[in-house]
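Next come the chains, spelled out residue by residue.
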Amino acid sequence: MAEESTTGRDDEQVVNPWEVTAKDGGKIDYDKLIEKFGCQRLEESLVQRVERLTGRPAHVFLRRGVFFAHRDFNEILDVYERGEKFFLYTGRGPSSEALHLGHLVPFMFTKYLQDAFKVPLVIQLTDDEKCMWKNLTVEESKRLARENAKDIIACGFDITRTFIFSDFNYVGGAFYENMVKVAKCVTFNKVVGIFGFTNEDHIGKISFPTVQAVPSFPSSFPHLFSGNDNLRCLIPCAIDQDPYFRMTRDVAPRIGYQKPALIESSFFPALQGETGKMSASDPNSAIYVTDSSKDIKNKVNRYAFSGGQDSIENHRKYGANLEVDIPVKYLSFFLEDDAKLDHIKKEYGAGRMLTGEVKKCLIEVLSEMVERHCKARALVTDEVVDAFMAVRPLPYMFS
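Counting from 1, residues in each chain are numbered in the order their sequence is written. In view of the model being predicted, local features appear only for residues whose pLDDT reaches at least 70, and side-chain atom pairs are presented and counted only at 80 or more, with totals across whole chains, interfaces and linings using the full set of residues. Side-chain descriptors were evaluated using all non-hydrogen atoms of the structure, hydrogens and water having been removed beforehand.

## Some details on the overall build of the protein
Here is step 1 of the chain: Helix and strand definitions here come from DSSP, where helices need a minimum of 4 consecutive H or I residues and strands a minimum of 2 consecutive E residues; each element is numbered from the N-terminal end. When you go through the protein residue by residue, the secondary structure sums to 20 helices and nine strands.
Here is step 2 of the chain: C-alpha extents for the protein along the principal axes are approximately 65 × 45 × 45 Å.
Here is step 3 of the chain: Burial statistics for the protein: of 399 residues in total, 55% are counted as buried.
Here is step 4 of the chain: Partitioning the contacts of the protein with sequence separation of at least 6, the portion at a separation of at least 24 is 78%.
Here is step 5 of the chain: With the model as given, the accessible surface of the protein reaches about 17300 Å², and the carbon-plus-sulfur share is 49%. A 1.4 Å probe rolled over the protein chains alone gives each residue an accessible area, and that area as a share of the maximum for its type sets the label: buried under 20%, exposed over 50%, partly exposed in between. Pairs of residues are marked as contacts when any of their non-hydrogen atoms sit within 4.5 Å. Using a 1.4 Å probe, accessible areas were evaluated by the Shrake-Rupley method; residue-level cover was limited to the displayed protein chains.

## Quick look at unusual backbone geometry
Here is step 1 of the chain: For Asp 72, which is not a glycine, the phi torsion comes out positive at approximately 60 degrees.
Here is step 2 of the chain: Take Asp 72: it is sitting in the loop between β4 (67–71) and α4 (73–81).
Here is step 3 of the chain: With a phi angle near 60 degrees, Asn 135 is a residue other than glycine that sits in the positive phi range.
Here is step 4 of the chain: Structurally, Asn 135 can be placed in the loop between α6 (127–133) and α7 (138–153).
Here is step 5 of the chain: Given the relative accessible area of 73%, Asn 135 is considered exposed.

## Quick look at the nonpolar core
Here is step 1 of the chain: Counting residues in hydrophobic clusters, the biggest one holds 72 residues, and the most contacted among them are Leu 62, Leu 101 and Phe 334.
Here is step 2 of the chain: The element that contributes the greatest number of residues to this core is helix α5 (residues 101–117), accounting for nine residues.
Here is step 3 of the chain: Membership of the second largest hydrophobic core comes to 38 residues, among which are Phe 87, Val 122, Phe 175 and Val 211. Definition used in this section: a nonpolar core is a set of buried Ala, Val, Leu, Ile, Met, Phe, Trp, Tyr and Cys residues joined via side-chain atoms within 4.5 Å.

## Things to note about the state of the cysteines
Here is step 1 of the chain: Note that a disulfide, as used here, is simply two cysteine sulfur atoms within 2.5 Å. Under the criterion given, the structure shown has zero disulfides.
Here is step 2 of the chain: The cysteine Cys 185 is free of any disulfide, with Cys 233 supplying the nearest cysteine sulfur at 18 Å.
Here is step 3 of the chain: Free cysteine: Cys 237, not disulfide-bonded; nearest cysteine sulfur from Cys 39 at 9.7 Å.
Here is step 4 of the chain: A residue is classified by how much of its surface remains accessible, and Cys 237, at 6% relative accessible area, is buried.

## Digging into the environment of Lys 299
Here is step 1 of the chain: By the element assignment, Lys 299 lies in helix α15 (residues 293–303).
Here is step 2 of the chain: Between the C-alpha atom of Lys 299 and that of Phe 195, which follows or precedes it by 104 residues, the distance is 35 Å.
Here is step 3 of the chain: Aside from chain neighbours lying at most four places away, what touches Lys 299 is Leu 271, Pro 283, Asn 284, Ala 286, Ile 287, Tyr 288, Asp 291 and Ala 304.

## Describing the pairing of strand β8 (residues 232–238)
Here is step 1 of the chain: Of all seven residues in β8, six are buried, a share of seventy percent or more.
Here is step 2 of the chain: Strand pairing is defined by DSSP finding a minimum of two bridges between the two strands. Taken together, the three bridges between strand β5 (residues 86–92) and β8 define a ladder with parallel strand orientation. Residue pairing across strands places Leu 88 opposite Leu 234, the latter belonging to β8.
Here is step 3 of the chain: The crossover handedness rule: strands pointing away from the viewer, path from first strand over the helix to second strand clockwise, crossover right-handed. For the crossover that starts at β8, traverses helix α14 (residues 242–251) and ends in the parallel strand β9 (residues 261–265), the hand is right-handed.

## Brief notes about the environment of Asn 178
Here is step 1 of the chain: Locating Asn 178 in the fold gives a position in helix α9 (residues 173–183).
Here is step 2 of the chain: On a C-alpha basis, the gap between Asn 178 and Glu 129 in space is 18 Å, while along the polypeptide they are 49 residues apart.
Here is step 3 of the chain: Asn 178 has contacts with Val 214, Phe 217, Ser 219, Ser 220 and Tyr 257, leaving out every residue within four places of it along the chain.

## So, the environment of Phe 157
Here is step 1 of the chain: Tracing the chain through its elements places Phe 157 in the loop between α7 and β7 (162–166).
Here is step 2 of the chain: Taking the C-alpha atoms as reference points, Phe 157 and Thr 110, 47 residues apart in sequence, are found 8.8 Å from one another.
Here is step 3 of the chain: For Phe 157, the residues in contact, after removing those within four places along its chain, are Phe 107, Thr 110, Lys 111, Gln 114, Leu 121, Ile 123, Ile 152, Thr 162 and Phe 388.

## Describing the confidence of the model for the protein
Here is step 1 of the chain: Per residue, pLDDT captures the predictor's confidence, and it can take any value from 0 to 100. Chain-level pLDDT for the protein is 92 on average; 95% of the residues reach the 70-or-more range.
Here is step 2 of the chain: Low pLDDT, under 50, characterises residues 1–5; the stretch is placed with 14 contacts to residues that sit more than four places away or in other chains.

## Quick look at the packing of aromatic side chains
Here is step 1 of the chain: Stacked, tilted and edge-to-face are the three classes applied to pairs of Phe, Tyr and Trp rings, where Trp contributes its six-membered ring and a pair requires centres within 6.5 Å; stacked means planes under 30 degrees apart, edge-to-face means over 60, and tilted covers the rest. Applying the stated rule across the entire model yields 35 aromatic pairs.
Here is step 2 of the chain: Seen from their ring centres, Tyr 30 and Phe 68 are 5.0 Å apart, and the 65 degrees between their planes marks the pair as edge-to-face. A residue pair is termed long-range when its members are at least 10 positions apart, and Tyr 30 in helix α1 (residues 30–37) and Phe 68 in strand β4 qualify at 38 residues. For the pair formed by Tyr 30 and Phe 68, the shared burial category is buried.
Here is step 3 of the chain: Ring centres 6.4 Å apart and planes at 40 degrees place the aromatic pair Trp 133 and Phe 197 in the tilted group. Of this pair, Trp 133 sits in helix α6 while Phe 197 sits in the loop between α10 (188–195) and α11 (203–207), and the two are 64 residues apart along the sequence.
Here is step 4 of the chain: Its relative accessible area of 7% is what places Phe 197 among the buried residues.
Here is step 5 of the chain: Positioned over the ring face of Phe 37 is Arg 246, at 4.4 Å from the centre of the ring. To sit over a ring, a charge needs its Lys NZ or Arg CZ within 6 Å of the ring centre and within 35 degrees of the ring normal.

## Some points on helix α18 (residues 338–349)
Here is step 1 of the chain: For a helix, the expected span equals 1.5 Å multiplied by the number of residues minus one. Taking 1.5 Å per residue, 12 residues should reach 16 Å; α18 reaches 16 Å between its end C-alpha atoms and fits that length.
Here is step 2 of the chain: All of the buried residues in α18 are Leu 341, Ile 344, Glu 347 and Tyr 348. Viewed along the axis of α18, the buried residues span an arc of 140 degrees, placing them on a single side of the element. In this structure, α18 carries Ala 339 and Lys 346 as exposed residues pointing more than 90 degrees from its buried face.
Here is step 3 of the chain: Buried residues in α18 make contact with α16 (312–318), α17 (326–334) and α19 (355–378).
Here is step 4 of the chain: Near the N-terminus of α18, the side chain that reaches the backbone nitrogen of Ala 339, with its oxygen 3.0 Å away, is that of Asp 337.
Here is step 5 of the chain: Once α18 ends, the next one or two residues include Gly 351, with phi positive near 85 degrees. The arc refers to the directions leading from the helix axis to the C-beta atoms. N or O atoms closer than or at 3.5 Å make up a polar contact, with two conditions inside protein: a donor-capable atom paired with an acceptor-capable one, and, for residues adjacent in sequence, both atoms drawn from side chains.

This is the structure in structure tokens:
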């Protein structure tokens, strides 16, 4: 059966790789997205199965439903349970000097998957995409790719199982052969239906989806996976990337490859409220990995939307609205202690804890996290980046 072909655009919301908006600035309806895209809700039974197979607790992003949807994740677990390997593929479009915390979410989760399952990983830096969509020069796109690679490496990936590549530097050979195979299977009408391209879009945009599709296929990396062309691929990503891989999954069997599996996350909200994903154009909408502790404190106190009441008296009486409170949502992402998070939600929701107390806790969590990241990034030299991006066999890839 062909995969669902929809842009994720309807009267209520727009969700695609370049635009995420809800009607009248409201919240994204993820249940509607699951239905529209044709993926599946990630059930608790799969989370429990991950814990059983890996022998370690599920990541907080799994336990708390940040990664909430999937395509064939159960089949990936079947592969692992049979004693076979799979590989991971994720990526980053380098359009800014520094990453914000939302950008780190897929990489933090991918590191957990790599550690838990001890599997290979390829990370694509789509510098060509950003050159075409953001009107950046080739040279600037390549420079930003290397800068972003430093932040990605700082997440702690295992260099013996990780290959990072930039499209400008790597595309060619077997990778390009697979691009051509995919391109021959996707009509102009099909790509317009999936991505919503118009007659005003240049042909670079229309051809780009093949570039993001083919890292799903192990034969695109002969230096890593030679002789393992049936290796399954698991892609951790935000759900706005789903259109690329619906196209890929539709094409894969027609060119003799396995469909990639996906595990998909919701969007990390802006400080001003949960209206989609953060905007890199507004520095006060996000916490960046380059922010100082003072910056973090200022942004959280000034901009983090509160679900608390308009007076202490009313707050004590009615409690906080946790559904809209951004400090609680951020803590749900980054506070690892389940008991402490539950305590905050209970006390804050009942009005016994004030907004200022919750924000203070969040500032401490984020400041520690960003400081830890900065220390790790400072150790990532250009030589380390070169080592991760070198086209070489990885001796411990399957150990």
